[in-house]
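# Observations on chain architecture
So you can see what is in the structure, the chains are spelled out below.
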Amino acid sequence: MSNTVADPPRRSGPPAAPPESEIGHTPAWVHVARWGLILLALLGLGYAAQQAIEAGSWVIVIVVAFIAMGVLVVYSTRHFIPAKYLFPGLVLLLLFQVWPIVYTAATSFTNYGDGHSLSKEEAITAIQAQSVRQDPDAPRYGMSVAVPEGEPVETGELSFLLTVPPAADAGELEEEAGDGGANVTPDGYQLFVGTEDGLEPLPAEGVAVRANGTVETAPGFRVLNLLEANQRAQEVSGFAVPVGEEGSAVKAATTTQAFVGRPTITYDEAADVMITAEGKRYVAREGNFVPEDGEGLALPAGWTENVGFDNFTTIFTDPSFRGGFLKIFLWNLAFPLLSVASTFLLGMLLALLFNDPRLKGKAIYRSLLVLPYALPIFVTALVWAAMFNQQFGLINEVTGLNVNWLGNPWGARAALLITNLWLGFPYMFLICTGALQSIPQDVKEAAAVDGAGPIRTLVSVTMPLLLVAVGPLLVASFAFNFNNFTLIYLVTRGGPFDSGNSLVGNTDLLINFAYRIALESGQPNIGLASAVSIVIFTLVGLISYIGFRQSDALEEVN
């Protein structure tokens, strides 16, 4: 009988975890730092929620609340390790990618734009406020225009600081705001502050009144001087402080005086019509109050409402849009295709040239070729626009030509392609250089052994391997140039324009067309521009999908 002791059986699988005593405990400062960062994030989100509540944006409040719960759940425990890394990116993706797309899509189904940015209730209030007229016997009050202290003079929320002289009747001001005595200065002036929300007494403590009876300084307010008030004269003239229940409002009479007037247009809620003092009736239709008899213009303020697919119908069926949209779409396809093809060919040829090991000083040449890519497009595009000028441009002077590059449709398109070639070939040169250096040298040597010449090697070996690397980047470059707003805007501004049509330019891309509709047309229509943006998004998505599907076939080369 053998006394040999058998070896213990070996256990398969991962090694056993070390005893808990051998695992170092997490230092206390790590816990403190983690909870400090969590608390800081929650405080920031709480502040954002408070601002959203004050603005009445309950959707934002709900989104912020969900983000706060996510921060607390993900980072307060040792679980959800992958989520700790994915959560910030997911939040940023939703806020800066998904939400703008959803919001743009929602806007495309509305008539939102200039004259249609209010709710219906706000539009009714604005129409009545704009129709306020002064009664001949109504008193006038001293007025100073102010903004809340700390807010910019150019954009701060307007307020009227009103004064009633001693022994004068405050009238409706006192009835509306109340008179507790604290708003009376030692000189006997009664003080009131008026905003778009209404009228309130202005505490007299710390208020200085000028000799002409207007407020010079007041705690919590920045009183505008005459020049600053004149810069916002249009806003001041349209500003109205509601008082009373019949639509009465305080409005500016001069730069230093205000009056309480009554509206000349009333609203019949039961019939949903606006009625002027002369009895003319305006009915609600498609976001506006329009004359019931069909004669005359709509009232100035409109409201935002859902219009369904009307904006998309306008793009494809309205004669004034359809022809221009088709022309822009065809150019929008040609421009990125020609740009990608020209920049890729030039960049690839230069990369092949400077990839030759026999060439000396390649680093210097490559650095010089990358310079156009390093310069800001805002500078380069403006320089090229100046060079294409017919009278004093460098191109006509050097070549001896007299081509109206920017005034002729085809000349302007050629100018854009030349400019984009200069701006784009360095990028293609860089990626082609990197791709060429990654191609194994023995593949080329094998082709040479098989009898392939330089051209055959380039076409059958180098190009397929090169396209494997740069194919997806060519698709991305196409998508970028499909929406290359900056270049078009800086060089041609979408022009030249055909006579009688200032909306559709001969070098417009769809993105420039959408911008002009939204901001530069006679009546900006953001809803219609959003519909154009959705069309652009759909087209780019489809073209990119097809392009990436085709680039997948290049993988078979490997």
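You'll find the structure just up there.
The residue numbers shown here count from 1 along each chain, following its written sequence. Reporting in this predicted model follows two pLDDT cut-offs: at least 70 for local features of residues, and 80 or more for side-chain atom pairs to be given and counted; totals over whole chains, interfaces and linings ignore these cut-offs and use all residues. Only hydrogens and water are set aside when side-chain values are computed; all heavy atoms of the structure are taken into account.

What follows covers the overall build of the chain. Helix numbers and strand numbers start at the N terminus; a helix is a DSSP run of H or I with at least 4 residues, a strand a run of E with at least 2. Scanning the chain for helices and strands turns up 18 helices and 15 strands. Considering only C-alpha atoms, the chain reaches an extent of 115 × 100 × 50 Å along its principal axes. Counting every position in the chain, which comprises 558 residues, the buried fraction comes to 37%. The contact criterion used throughout is that any non-hydrogen atoms of two residues lie within 4.5 Å. Contacts in the chain between residues far apart in sequence, at least 24 positions, make up 60% of those at least 6 positions apart. By element, 62% of the accessible surface of the chain is carried by carbon and sulfur atoms, the whole surface being about 32300 Å². Neither His nor the chain ends is counted toward charge; the positive residues are Lys and Arg and the negative residues Asp and Glu. Here the site of a charge means atom NZ of a Lys, CZ of an Arg, CG of an Asp or CD of a Glu. Taking the average location of the 28 positive side-chain charges in the chain and that of its 51 negative ones, the two points are 17 Å from each other. Exposed residues in this analysis have more than 50% of their type's maximum accessible area, buried residues have under 20%, and partly exposed residues fall in between, with area computed by a 1.4 Å probe over protein chains only. Only the protein chains shown count as covering a residue, and every accessible area follows the Shrake-Rupley method with a 1.4 Å probe.

Our focus in this paragraph is the nonpolar core. Among the nonpolar cores identified, the biggest contains 41 residues, and Phe344, Leu466 and Phe513 are the most heavily contacted of them. Of all the secondary structure elements, the ones that give two or more residues to this core are α8 (310-317), α9 (319-354), α13 (409-437), α15 (454-482), α17 (510-520) and α18 (526-552). Filtering out sequence-adjacent residues up to four positions away, Phe513 remains in contact with Phe321, Phe325, Ile328, Leu503, Val504, Asp508 and Val532. Buried residues of nine kinds, namely Ala, Val, Leu, Ile, Met, Phe, Trp, Tyr and Cys, make up a nonpolar core once their side-chain atoms join them within 4.5 Å.

The next subject is helix α3 (residues 81-107). Here α3 contains 27 residues, and its C-alpha end-to-end distance of 38 Å stays within 8% of the 39 Å for a straight helix at 1.5 Å per residue. Phe87 marks the point of greatest bend in α3, at about 40°, and the proline Pro88 comes within the next four residues. For α3, the set of buried residues is Lys84, Phe87, Val91 and Thr107. Helix span, expected: 1.5 Å multiplied by one less than the number of residues in the helix. The bend at a residue is defined as the angle formed between two axes, one fitted to the seven residues ending at that residue and one fitted to the seven starting there.

Only protein atoms enter the 1 Å grid, on which a cavity is a set of points fitting a 1.4 Å probe that cannot get out and a pocket is an open set with protein on both sides within 12 Å along at least 5 of 7 lines, lining residues being those with an atom within 4 Å of a point. Grid points are joined across faces, edges and corners, and a volume is the space filled by probe spheres set on the points. Applying the stated rule across the entire model yields one cavity of 30 Å³ or more. Around the largest cavity, the lining residues are Phe485, Tyr489, Arg493, Asn512, Tyr515, Arg516 and Glu520. If you list the elements that add at least two residues to the lining of the largest cavity, you get α16 (485-491) and α17. Element by element, the count of residues in the lining of the largest cavity is highest for α17, at four residues. Across the lining of the largest cavity, the residue classes tally to three nonpolar, one polar and three charged. Three categories are distinguished: nonpolar for Ala, Val, Leu, Ile, Met, Phe, Trp, Tyr, Cys and Pro, charged for Asp, Glu, Lys and Arg, and polar for the others, with Gly belonging to the last.

On to helix α10 (residues 362-374). Under the 1.5 Å per step criterion, the end-to-end length of α10 is 18 Å for 13 residues, consistent within 8% with the ideal 18 Å. Of the positions making up α10, those classed as buried are Arg366, Leu369 and Pro372. Of the surrounding elements, those touching the buried residues of α10 are α9 and α13.

Paired strands are those between which DSSP finds at least two bridges. Where strand β12 (residues 265-268) and strand β13 (residues 273-276) come together, four bridges link them in antiparallel fashion. The residue of β13 that forms the bridge with Tyr267 is Met274. Between β12 and β13, which pair antiparallel one after the other, the connecting turn spans four residues, and Asp272 there sits at a positive phi close to 55°.

On to the side chain of Glu228, then. Relative to the elements of secondary structure, Glu228 occurs in helix α6 (residues 226-231). When neighbours within four sequence positions are excluded, Glu228 is seen to be in contact with Val153, Arg222 and Val223.

Turning next to the sheet that holds strand β15 (residues 288-291). If you walk across this open sheet you meet the four strands as β12-β13-β14-β15, and the pairing is antiparallel. Both edges of this open sheet fall to β12 and β15, since each of them pairs with a single strand only. Between one strand axis and the next, the sheet turns by 35° as a mean value, whatever way the strands run. Note on geometry: axes are C-alpha line fits, over the in-contact stretch for helices, and angles between N-to-C directions span 0 to 180 degrees.

In this section: the packing of helix α11 (residues 377-387) against α13. Closest axis-to-axis distance for the α11/α13 pair is 10 Å, and the angle between their directions is 145°. With respect to the hand of their crossing, α11 and α13 are arranged in right-handed fashion. Counted together, Ile377, Thr380 and Trp384 of α11 and Ile418, Thr419, Trp422 and Leu423 of α13 form the full contact between these two elements. Residues of the contact of α11 with α13, tallied by class, amount to five nonpolar, two polar and no charged. Crossing handedness follows the turn of the near helix against the far one: under a right angle anticlockwise gives a left-handed crossing, and clockwise gives a right-handed one.

Topologically, Gly194 is positioned in strand β4 (residues 190-195). Distance in space between the C-alpha atoms of Gly194 and Ala240 is 8.5 Å, their sequence separation being 46 residues. With near-sequence residues (within four places) excluded, Gly194 lies in contact with Ser159, Phe160, Leu199, Phe239 and Val241.

Here we come to the packing of aromatic side chains. What describes a pair of aromatic rings is the distance from one ring centre to the other and the angle between the planes of the rings. Each Phe, Tyr or Trp ring, with Trp reduced to its six-membered ring, pairs with another whose centre is within 6.5 Å; inter-plane angles below 30 degrees give stacked pairs, above 60 give edge-to-face pairs, and intermediate values give tilted ones. For the structure on display, the rule yields 22 aromatic pairs. With a centroid separation of 6.1 Å and an interplanar angle of 55°, the aromatic rings of Trp384 and Trp422 are classed as tilted. Of the two residues, Trp384 is situated in helix α11 and Trp422 in helix α13; the sequence distance between them amounts to 38 residues. Pairwise contacts between aromatic rings join Trp384, Phe388, Trp405, Trp422 and Phe425 into one cluster. The criterion for a charge sitting over a ring is simple: Lys NZ or Arg CZ within 6 Å of the ring centre, and within 35 degrees of the ring normal. In this structure, Arg413 packs its charged tip against the face of Trp331, placed 5.7 Å from the ring centre. One Lys or Arg, Arg413, reaches over the ring of Trp410 and ends 4.6 Å from the middle of that ring.

For patch detection, residues must exceed 30% relative accessible area and be free of salt bridges, and they are connected within 9 Å for like charges or within 5 Å for nonpolar side chains (Val, Leu, Ile, Met, Phe, Trp, Tyr). Any Lys or Arg side-chain nitrogen found within 4 Å of a carboxyl oxygen on Asp or Glu counts as a salt bridge. A grouping of Val59, Val63, Leu90, Leu92, Leu93, Leu94, Leu95, Phe96, Val98, Trp99, Val102 and Tyr103 is seen on the molecular surface, where their side chains present a nonpolar patch of about 1100 Å² in accessible area. With 10 residues, the top contributor of residues to the nonpolar patch is α3. With respect to the helices and strands, Phe96 occurs in helix α3.

This next bit is on the environment of Ser117. Along the chain, Ser117 falls in the loop between α3 and α4 (120-130). Along the primary structure Ser117 and Leu473 are separated by 356 residues, whereas in three dimensions their C-alpha atoms are 41 Å apart. Apart from residues no more than four positions distant in its own chain, Ser117 is found in contact with Tyr112, Gly302 and Thr304.

This paragraph deals with the environment of Leu345. Positionally, Leu345 belongs in helix α9. For the pair Leu345 and Ile536, spaced 191 residues apart in sequence, the C-alpha separation works out to 27 Å.

Attention now moves to the pattern of salt bridges. What the rule picks out here adds up to eight salt bridges. Ionic pairing is found between Glu235 and Arg232, a salt bridge with its closest N-O pair at 2.9 Å. According to the relative accessible area criterion, Glu235 is partly exposed, its value standing at 42%.

Take the pairing of β15 next. The sheet contact formed by strand β14 (residues 281-285) and β15 spans four bridges and is antiparallel. From the neighbouring strand, Arg285 faces β15, where its bridge partner is Asn288. A loop of two residues connects β14 with β15, the two strands running antiparallel in sequence, and Glu286 in this loop sits at a positive phi of about 55°.

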